[in-house]
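Each chain is listed here by its residues.
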Amino acid sequence: GQQVMQIPQYQHVQEGEDFTTYCNSSTTLSNIQWYKQRPGGHPVFLIQLVKSGEVKKQKRLTFQFGEAKKNSSLHITATQTTDVGTYFCAGATGKLIFGQGTTLQVKP
Amino acid sequence: EAQVTQNPRYLITVTGKKLTVTCSQNMNHEYMSWYRQDPGLGLRQIYYSMNVEVTDKGDVPEGYKVSRKEKRNFPLILESPSPNQTSLYFCASSLEKGGGYGYTFGSGTRLTVV
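Residues numbered from 1 in each chain as written. Chains lettered and ligands numbered in written order. Predicted model: local features only at pLDDT ≥ 70, side-chain atom pairs only at ≥ 80, totals over all residues. Heavy atoms only, no water.

### Let's talk about the environment of V13 of chain A
Inference 1: Along the chain, V13 of chain A turns up in strand 2 (residues 10–14).
Inference 2: Put simply, V13 of chain A and G85 of chain A are 72 residues apart on the chain and 12 Å apart in space, counted from C-alpha to C-alpha. (Helix = DSSP H or I, 4+ residues; strand = E, 2+ residues; numbered from the N terminus.)

Laid out in structure tokens, this is it:
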């Protein structure tokens, strides 16, 4: 069946270091979405990418959608302790399929 | 404030005792869905609803029931809970199935079945 794979599962960084999580789909996606779940919280919608090769930025976060619309990445520049949480990608192929998430821990 | 409201936040129950987790949204969304979240497995869809009286199975529907009698409400029913249904449950809603403009999630229900 349709799958969305996300790596790495965990990432532990020193505050100020960069962080990237990658998302790969077995099928072409109509759009990809990214969510953040703080510890003890619920997933919160961050952004949606629709076009091939699209790049969007939100302050220190950069989101990319691959040319083939099968992969995506989220890059955080100079992490802060407030970035801690689990980041999920979700690919849309008629329905939304979530990746397993990447849990980011930031050491002050 | 636009939101999805789930109740209860925490629930401990015994095997076999029927329970209902309520979910309500105030955004007039057509699409609603239930997920369970388990460590290492991410968010797995249990059931979803495209509109009133229209529901369908997700990836892990066994042991669960849902209903959609009103557009705003989408309760999750466990007729005979078992310990393997111990999990964190989220209700979500959106304008459409493909999640256009994003899903709005409830705060979650942590269920423990003993």
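Okay, back to it.
### Examining the sheet that holds strand 7 (residues 61–65) of chain A
Residue and element names in this part refer to chain A.
Inference 1: Spatially, five strands are ordered 1-3-8-7-6 in an open sheet, and the strand pairing comes out antiparallel. Unpaired on one side and paired on the other, strand 1 (4–7) and strand 6 (55–58) mark the two borders of the sheet. Here the strands of the sheet are splayed against their neighbours by 15° on average, with no regard to which way each runs.
Inference 2: Bridging between strand 6 and strand 7 involves four bridges; their strand directions are antiparallel. Its bridge partner lying in strand 7, K57 is registered against T62. (Pairing = 2+ DSSP bridges. Axes fitted to C-alpha atoms, helices over the stretch in contact; angles between N-to-C directions.)

### Observations concerning the sheet that holds strand 3 (residues 19–25) of chain B
Residue and element names in this part refer to chain B.
Inference 1: Pairing is antiparallel in the open sheet, where four strands are placed in the order 1-3-8-7. At either end of the open sheet lies a strand with only one pairing partner, and these are strand 1 (4–7) and strand 7 (65–66).
Inference 2: Across four bridges, strand 1 lies against strand 3 in antiparallel orientation. From the neighbouring strand, Q6 faces strand 3, where its bridge partner is C23.

### So, the interface of chain B and chain A
Inference 1: Of the residues lining the interface, 20 residues belong to chain B; the matching set on chain A comes to 19 residues.
Inference 2: Each partner contributes to the roughly 1400 Å² buried at the junction of chain B and chain A, and carbon and sulfur atoms together form 54% of this total.
Inference 3: Our count for the contact surface shared by chain B and chain A stands at one salt bridge.
Inference 4: Where K95 of chain A meets D59 of chain B, a salt bridge forms, and the shortest distance between an N and an O atom there is 3.5 Å.
Inference 5: Here chain B and chain A share three residue pairs in polar contact (both at pLDDT 80 or more) between them.
Inference 6: Breaking the side of chain B that touches chain A down by element, the ones donating at least two residues are strand 4 (31–38), strand 5 (42–51) and strand 9 (87–94) of chain B.
Inference 7: Top element by residues in the side of chain B that touches chain A is strand 5 of chain B. It accounts for three residues. (Contact = heavy atoms within 4.5 Å. Buried area = accessible area lost by both parts, 1.4 Å probe. Salt bridge = Lys/Arg side-chain N within 4 Å of Asp/Glu carboxyl O. Polar contact = N/O pair within 3.5 Å; in protein donor to acceptor, adjacent residues only side chain to side chain.)

### Some remarks on the packing of aromatic side chains
Inference 1: Under the counting rule described, the total for this entry stands at 16 aromatic pairs over all chains.
Inference 2: Geometrically, the ring pair formed by F98 of chain A and Y103 of chain B is edge-to-face, given 6.3 Å between the ring centres and 65° between the ring planes. Taken together, the residues F98 of chain A in strand 10 (residues 96–98) and Y103 of chain B in the loop between strand 9 and strand 10 (104–105) connect one chain to another.
Inference 3: The exposure class of Y103 of chain B is buried, given its relative accessible area of 2%.
Inference 4: Ring geometry for Y103 of chain B against F105 of chain B: centres 6.3 Å apart, planes inclined by 45°, an arrangement best described as tilted.
Inference 5: Under the relative-accessibility criterion, F105 of chain B is labelled buried at 4%. (Phe/Tyr/Trp six-rings, centres within 6.5 Å; stacked < 30°, edge-to-face > 60°. Buried < 20%, exposed > 50% of the residue type's maximum accessible area, 1.4 Å probe, protein only.)

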